[in-house]
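Secondary and tertiary structure notes
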Amino acid sequence: YTADQRSSMGTPTAAKEQVKQPRGPKQILNAVLMLGFLVSTGFIINVLQLLVYCLRPFALKFSQDMNSYLVDWHWATLVFMFSEWGGVNLHWFGDDVPLSQPAFGHMNHRSDVDWVLGFAFAWHRRSMGRMKIIMKSDFRFVPTLGFTMVLSDFIFAFRDWEIDRTLFTKALTKLKQFPNPMWMVVFPEGTRFTPNKQKKSCEYAKEHNLPVFNHVLLPRTKGWLLTMGMMRDKLERMVDATVSFPGREPTLLDLFCRTGQCDAYLHINYRTLADLPTDNAELEQWLYNDWAEKERMVEYVAKHGQMVPGVRHHDSHIGADTWPLIYLWLVVLAIVTALSIVFIPAVAWYWIFVGVSIFTTLVVIGILVLLHQRSSHKSRRRAAAAAAAPATPTTQD
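Quick look at the structure, then. Remember, it's a predicted structure, so these values are computed and weren't measured experimentally. (Residues numbered from 1 in each chain as written. Predicted model: local features only at pLDDT ≥ 70, side-chain atom pairs only at ≥ 80, totals over all residues. Heavy atoms only, no water.)

1. Regarding the packing of helix α7 (residues 161-176) against helix α9 (residues 221-231)
Axes are the key here: two packed helices are described by the angle between their axes and the distance separating the axes. Our working definition: Here the axes come from fitting lines to C-alpha atoms, over the contacting stretch only for helices, and the angles between their N-to-C directions go from 0 to 180 degrees. Helical segments are the DSSP runs of H or I of at least four residues, strand segments are the runs of E of at least two, and each set is numbered from the N terminus. Just so you know how the angles are binned, under 35 degrees is roughly parallel, over 145 roughly antiparallel, 65 to 115 roughly perpendicular, and the rest oblique. Put simply, a crossing is left-handed when the front helix is turned counterclockwise from the back one by less than a right angle, and right-handed when it is turned clockwise. For this analysis, residues touch if any pair of their heavy atoms sits within 4.5 Å. All amino acids are sorted into three groups, where Ala, Val, Leu, Ile, Met, Phe, Trp, Tyr, Cys and Pro are nonpolar, Asp, Glu, Lys and Arg are charged, and the leftover types, Gly among them, are polar.
Contact pair α7 / α9: the axes reach a minimum separation of 10 Å and the direction vectors enclose 20°. By the criterion of interaxial angle, the relationship of α7 to α9 is roughly parallel. Remark: the crossing between α7 and α9 carries right-handed chirality. Of the residues in α9, those in contact with Trp161, Arg165, Phe168, Thr169, Leu172, Thr173, Leu175 and Lys176 of α7 are Lys222, Gly223, Leu226, Thr227, Met230 and Met231. Class assignment of the residues belonging to the contact of α7 with α9 gives a composition of seven nonpolar, four polar and three charged.

2. Focus: the nonpolar core
The condition that has to hold: In plain words, nonpolar cores are sets of buried Ala, Val, Leu, Ile, Met, Phe, Trp, Tyr and Cys residues tied together by side-chain atoms within 4.5 Å. When accessible area is computed with a 1.4 Å probe and restricted to protein chains, residues below 20% of their type maximum are described as buried, those above 50% as exposed, and intermediate ones as partly exposed.
Trp75, Leu78, Phe119, Phe121 and Trp183 are the most contacted members of the largest nonpolar core, which has 61 residues in total. Take this core: its biggest share by element is eleven residues, from helix α4 (residues 60-85). Residues within four places of Phe119 in sequence aside, it is in contact with Trp75, Leu78, Val79, Met128, Met131 and Ile133. Core analysis: the second largest hydrophobic core is formed by 31 residues, Ile155, Ala157, Met228 and Val298 among them.

3. Regarding the packing of aromatic side chains
Definition in use: Stacked, tilted and edge-to-face pairs are distinguished by plane angle, under 30 degrees for stacked and over 60 for edge-to-face with tilted covering the rest, among Phe, Tyr and Trp rings (Trp via its six-membered ring) whose centres lie within 6.5 Å.
Applying the stated criterion to the full structure yields 13 aromatic pairs. Between Trp224 and Trp286 the ring centres are 6.1 Å apart and the planes differ by 15°, which places this aromatic pair in the stacked class. On the criterion of sequence distance, the pair formed by Trp224 in helix α9 and Trp286 in helix α11 (residues 280-304) is long-range, its members being 62 residues apart. One exposure class covers both Trp224 and Trp286, and it is buried. Both rings, one in Trp323 and one in Tyr327, keep their centres 5.6 Å apart while their planes meet at 35°; by these two values the pair is tilted. Here Trp323 pairs with Tyr327, and both are found in helix α12 (residues 323-343), just four residues apart, close to one helical turn.

Written out as structure tokens, the structure is:
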């Protein structure tokens with residue numbers, strides 16, 4: 001690696017320096033601006049999704065293609081919030097993953113932002129709009145985001161296996177019949193890692209003579225085995241992802257407030273599903289062994305502040321290519337605002353529309369101002385780093 005790449009990969013000292021920033025009026029304003037941006041763009045996408053969904057009985061493939069483009073456009077704002085706005089520097093390690101290829105994916109669940117991290121990687125591999133994820137049922141009620149998931153055929157778990165088994169079987173049977181390629185993504189742990197959940201996970205593992213983990217949660221195998229069994233003949237490859245943080249772990253609020261500056265590591269094993277066991281007992285043991293590998297990797301990163309040695313480092317600025325879509329969104333919002341003010345005066349709720357339009361205008365202006373400040377700050381940092389860099393040449397492996 002080059003000197004810049006080595007420094008960006010993190011060291012134990014650098015990890016300790018990633019301290020949490022305080023939240024004041026400026027950070028609250030950042031959160032309001034980003035929330036307004038996500039909701040306003042999400043509402044537009046939801047309306048378009050609903051129109052496209054009505055075409056399913058007549059043109060299923062066309063409807064799904066259009067929906068995936070809309071989802072890409074909408075969730076590019078989440079990738080932007082994660083990388084460019086929130087300041088999380090995502091490092092991709094491990095195997096290469098081809099663009100736009102169908103796959104079965106699973107990953108550990110470290111924090112409440114690593115699902116956005118997964119979105120960012122799927123965006124980078126041109127597969128975000130075609131993802132189908134098993135999520136908590138509560139996500140259905142998240143404004144705009146939940147409706148997008150419902151219209152994109154996500155599967156929602158109710159944490160009752162008798163109910164979930166029937167729902168999963170019905171939903172997966174439907175997905176298998178879809179003509180379009182997809183990423184079928186599962187979080188086997190079922191919930192994000194916390195000290196309290198880790199303690200309960202260890203107690204359960206000891207009671208049932210299962211592996212005990214300290215940095216990941218014991219994977220729940222029933223839903224994973226059912227999904228794998230039903231989808232492995234449609235999806236030939238697996239994206240096996242491990243999420244870890246060399247320093248602090250940001251929260252979703254950190255991303256909104258722009259106080260989430262840190263490094264995040266994503267290690268990928270790109271596997272062939274035909275190489276995995278077909279017997280459920282052997283497949284369950286394979287999953288436990290895979291989670292043991294994740295345990296060792298997450299522990300190493302937490303202890304040393306850098307990725308385990310000997311793995312390939314691909315990219316460290318995933319999400320930078322969302323800028324064209326963000327600029328396009330700002331133009332669309334400005335046009336919608338102007339049309340709302342000019343052409344809806346006869347509607348009884350005119351002043352509500354005017355208020356929303358003015359708020360959207362302020363959001364657009366605020367985001368542009370803050371992005372200009374961030375761009376200027378990055379330019380000054382790069383100039384300072386270049387001035388301080390040694391003159392000796394470096395090589396790339």
